[in-house]
Amino acid sequence: MKSTRLVISLLLLTLGLGLHAAESSDSTATTAAPRRHGLVGRVIQYFDEANKPKPQKKVDFSIIGGPSYSNDAKFGIGLVAAAIYRPDMTDSTLMPSNVSLYGEVTTAMLYLVGIRGNHIAPHDRFRVNYNVNFFSFPTKFWGIGYEKAMRSINETDYKEFRLRLQGEFLYNFGHGFYAGPEADFYLIRAGKVDESALPLWEGESLRTTSVGAGIVAAWDTRDNLTAPTSGWYIRAEQKFFPRFMGNGNYSFSLTEVGINKYAKVWRGGVLAGRLHVAATYGHTPWGLLPTVGGSYTMRGYYEARYRDKTSADFTLELRQHVWRRSGIALWVGVGAVEPSLAKINIHKLLPNAGIGYRWEFKKNTNVRLDFGIGRHTTGFVFNINEAF
C-alpha cells in the first residue's frame, strides 16, 4: 500500500519524543510519575506511557503524526493511530485485538486514508480481519513482466486511483487452525496516461472493477499478531473473481500461500522467515497482478514496478532489541515475477537486503523505518507493525 510513503521525518518526531520517554520506561520505581504540565510536558508523558501495558483498560488508544518526506511523495503530513482492545476483559490469556488508522496528504498530490485490523472474539471463537483503504497518487508504470520492468526507458508517469474493501471471517477449529470465507472489492483507475505510453498496458482497460470471494485457511501459533517472537503462521487462500459477479471480461482466480516462522535465537533476538507465493489464472486486470516491492515484501523496490501473473519471494530477517524501546532489523531476501511458477528463472531473481530501526510505540506494536536495497534501486519505508 501507499502508506509506505510515510518516511523519515515522521519517525524523527517519534524518536525525539521516544528517546526522552525511554529514560523512564525502564524505571523500577513503584510510585506514579508526576504529571507534567504544559503542552510539551503532556506530549512527553503521553509517549512515555504509550508502551506500558494497561490491562485495566478495555481500549488502549494512541496516535502519532507529523511531517513526512520521500523521493516520490515529497513533503507531506502523515498520521497513524493504533488501538489495542480486549473484547473479553476476564480472559487474560486471549491475545488483544488491534486496529490501525492511517492517512497522509503530500505536496506530490498523494491522498491516502485507510483502516485495517484484527478482531479476536471472546475465547478466540472466531477472528475477523479487515482492510479498507483509498488512495490517489501520481505513480509510475513500466509494463507487465520482468523484461519490461527492467527497461528504465519504459518508465512512465500516471495517476492511480484505488479503492479496496476486504474482509474475512475465520472460525477457530482448535489447535491453532482457522478457516472461513472472505470477500474482496477493488476499484482501480489509471489516469493522466500519456498516449505514447498506452502500449505498455497492452490494450488492457485503464479502469477496472473487481469483485471476488473465496476461502481462507490458516494455522496460527504466533505469540502475538503484531510483533511475533515465536510460532508459525501458515496461510492459504483461494479467491475467485467470476464473470457473474460483475467482473466483465476480467474473470480470474487467485491462489496465495504464505509460510511464516518465528523463533527466539538469543536474548532479545528473533529470527523471522517468510515464503510467499501468489499466482493468478485467467484474464487478470493489470492492477491486480501479483507484484513484489513496497512495505511488506522486497522492501526497497518501487512498489509494483515488477508485476506478472505469478510472484514469489522469500525473506529472512533478524530482529534484535538493542536498548530500552529501541531495536534494529537486518534482512536478506529474493523475489521473482513470471507468467507462471514453472517459468521462474534463477537468472531473473531479484536480490534484496536491508536494515531497519524499531521503536516500541506500544506494547508489541513497533514503529519501523526500513532502508532496503535491491537491483539498481534503494528505498525507505515507514510503517507501523512488522513487515510480516
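Residues numbered from 1 in each chain as written. Predicted model: local features only at pLDDT ≥ 70, side-chain atom pairs only at ≥ 80, totals over all residues. Heavy atoms only, no water.

K.L.:
When you look at the overall build of the protein in this model, what are you seeing that I'm missing?
P.N.:
When you go through the protein residue by residue, the secondary structure sums to 3 helices and 18 strands. For the protein, with 388 residues in total, the buried portion stands at 53%. Considering only contacts within the protein whose residues lie at least 6 apart along the sequence, 59% involve residues at least 24 apart. Taken as a whole, the protein presents about 17,800 Å² of accessible surface, with 64% of it coming from carbon and sulfur. (Helix = DSSP H or I, 4+ residues; strand = E, 2+ residues; numbered from the N terminus. Buried < 20%, exposed > 50% of the residue type's maximum accessible area, 1.4 Å probe, protein only. Contact = heavy atoms within 4.5 Å. Areas by Shrake-Rupley, 256 points an atom, 1.4 Å probe, with all protein chains shown as cover.)

K.L.:
Could you clarify how one ought to interpret the pattern of salt bridges in this entry?
P.N.:
Side chains that differ in sign of charge can pair as their charged atoms come close. This model, assessed by the stated rule, comprises 24 salt bridges. One salt bridge connects Asp-60 with Lys-362, and the closest N-O pair in it is separated by 2.9 Å. Of this pair, Asp-60 sits in strand E1 (residues 59–70) while Lys-362 sits in strand E16 (residues 350–362), and the two are 302 residues apart along the sequence. Each member of the pair Asp-60 and Lys-362 is classed as buried. With a closest N to O distance of 3.7 Å, Arg-358 and Glu-317 form a salt bridge. Here Arg-358, found in strand E16, pairs with Glu-317, found in strand E14 (residues 310–323); they are 41 residues apart in sequence, far enough to count as distant. Residue classification places Arg-358 among the buried positions, given a relative accessible area of 4%. Where salt bridges share partners, they join Arg-299, Glu-317, Arg-319, Arg-358, Arg-368, Asp-370 and Glu-386 into one cluster. (Salt bridge = Lys/Arg side-chain N within 4 Å of Asp/Glu carboxyl O.)

K.L.:
Please explain the nonpolar core as it appears in this structure.
P.N.:
Among soluble globular proteins, nonpolar side chains are generally buried collectively. In terms of nonpolar packing, the biggest core is built from 26 residues, with Val-80, Phe-137, Val-292, Tyr-306, Leu-350 and Phe-361 touching the most fellow members. Among the secondary structure elements, those contributing two or more residues to this core are strand E2 (74–85), strand E5 (126–141), helix H3 (146–150), E16, strand E17 (365–374) and strand E18 (377–384). Looking at which element gives the most residues to this core, the answer is E16, with 4 residues. Core analysis: the second largest hydrophobic core is formed by 15 residues, Trp-201, Phe-241, Phe-252 and Trp-286 among them. (Core = buried A, V, L, I, M, F, W, Y, C linked by side-chain atoms within 4.5 Å.)

K.L.:
Would you take a moment to explain unusual backbone geometry for this structure?
P.N.:
Generally, phi is negative for residues other than glycine and the peptide bonds are trans, each holding for most cases. Backbone geometry at Asp-124 places phi at a positive 55 degrees, although glycine is not the residue there. Assignment of secondary structure puts Asp-124 in the loop between strand E4 (111–120) and E5. What makes Asp-124 buried here is its relative accessible area of 12%. Although it is not a glycine, Met-298 sits at a positive phi angle of roughly 50 degrees.

K.L.:
How should I be thinking about the environment of Gly-145 in this particular structure?
P.N.:
With respect to the secondary-structure elements, Gly-145 resides in the loop between E5 and H3. A relative accessible area of 4% places Gly-145 in the buried class. For Gly-145 and Val-337, which are 192 residues apart along the polypeptide, the C-alpha to C-alpha distance reads 6.9 Å. Among all residues touching Gly-145, those that are not within four sequence positions of it are Arg-307 and Asp-308.

K.L.:
Got a minute to help me understand the side chain of Asn-260 in this structure?
P.N.:
Tracing the sequence through the fold places Asn-260 in strand E10 (residues 252–266). Among the polar contacts listed, one links the side chain of Asn-260 to the side chain of Tyr-262, at a separation of 3.1 Å. Not counting chain neighbours up to four residues away, the residues in contact with Asn-260 comprise Gly-231, Trp-232, Tyr-233, Gly-273, Arg-274 and Phe-388. (Polar contact = N/O pair within 3.5 Å; in protein donor to acceptor, adjacent residues only side chain to side chain.)

K.L.:
What should I look at first to understand the confidence of the model for the protein in this one?
P.N.:
As a general rule, the predicted coordinates of low-pLDDT regions are not to be interpreted in detail. With 84% of its residues at a pLDDT of at least 70, the protein reaches an overall mean of 87. For residues 1–32, every residue scores under 50 in pLDDT, and the model assigns this stretch 83 contacts once sequence neighbours within four places are set aside. (pLDDT = per-residue confidence, 0-100.)

K.L.:
Would you take a moment to explain the side chain of Asp-124 for this structure?
P.N.:
At 3.2 Å, the side chain of Asp-124 and the side chain of Arg-127 are in polar contact. Of the polar contacts made by the side chain of Asp-124, one reaches the side chain of Tyr-178; its length is 2.5 Å. Leave out the neighbours within four places in its chain, and Asp-124 touches Leu-94, Asn-172 and Tyr-178.

K.L.:
Got a minute to help me understand the pairing of E16 in this structure?
P.N.:
Regular strands place their side chains on alternate faces of the sheet. Counting buried positions along E16 gives 10 out of 13 residues, so the element sits mostly inside the fold. As judged from the 10 bridges shared by strand E15 (residues 326–338) and E16, these two strands associate in the antiparallel manner. Counterpart to Leu-330 in the pairing with E16 is Ile-355. The turn joining E16 and E17, which pair antiparallel and follow one another in sequence, is formed by 2 residues; a positive phi near 60 degrees is taken by Asn-364. (Pairing = 2+ DSSP bridges.)

K.L.:
What is the right way to look at the packing of aromatic side chains in this model?
P.N.:
Describing an aromatic ring pair means giving the distance of the ring centres and the angle of the ring planes. Taken as a whole and assessed by the stated rule, the structure comprises 17 aromatic pairs. Geometrically, the ring pair formed by Phe-141 and Trp-201 is stacked, given 4.1 Å between the ring centres and 15 degrees between the ring planes. Taken together, the residues span a long stretch of sequence, with Phe-141 in strand E5 and Trp-201 in the loop between strand E7 (177–191) and strand E8 (207–220) at a distance of 60 residues. Summarising the burial analysis for this pair, Phe-141 and Trp-201 share the class buried. By way of ring pairs, the aromatic residues Phe-141, Tyr-158, Trp-201 and Trp-286 are connected into one cluster. The ring centre of Tyr-233 lies 3.9 Å from the NZ or CZ of Arg-222, which sits over that ring. Against the face of Trp-331 rests Arg-299, its NZ or CZ located 3.9 Å from the ring centre. (Phe/Tyr/Trp six-rings, centres within 6.5 Å; stacked < 30°, edge-to-face > 60°. Lys NZ or Arg CZ within 6 Å of the ring centre and 35° of its normal.)

K.L.:
Whenever I open this one, the environment of Ala-312 confuses me. Can you help?
P.N.:
Within the secondary structure layout, Ala-312 lies in strand E14. Spatially, the C-alpha atoms of Ala-312 and Val-334 are 8.5 Å apart, while their sequence positions differ by 22 residues.

K.L.:
What is the right way to read the pairing of strand E9 (residues 231–241) from this model?
P.N.:
Burial along E9 is one-sided: Gly-231, Tyr-233, Arg-235, Glu-237, Lys-239 and Phe-241 are buried, while Trp-232, Ile-234, Ala-236, Gln-238 and Phe-240, pointing the other way, are not. Looking at chain direction, E8 and E9 are connected through 8 bridges and run antiparallel. Residue pairing for E9: Ala-217 is matched across the bridge by Ala-236. Sheet analysis places E9 next to E10, joined by 11 bridges and oriented antiparallel. Residue pairing for E10: Ile-234 is matched across the bridge by Ile-259.

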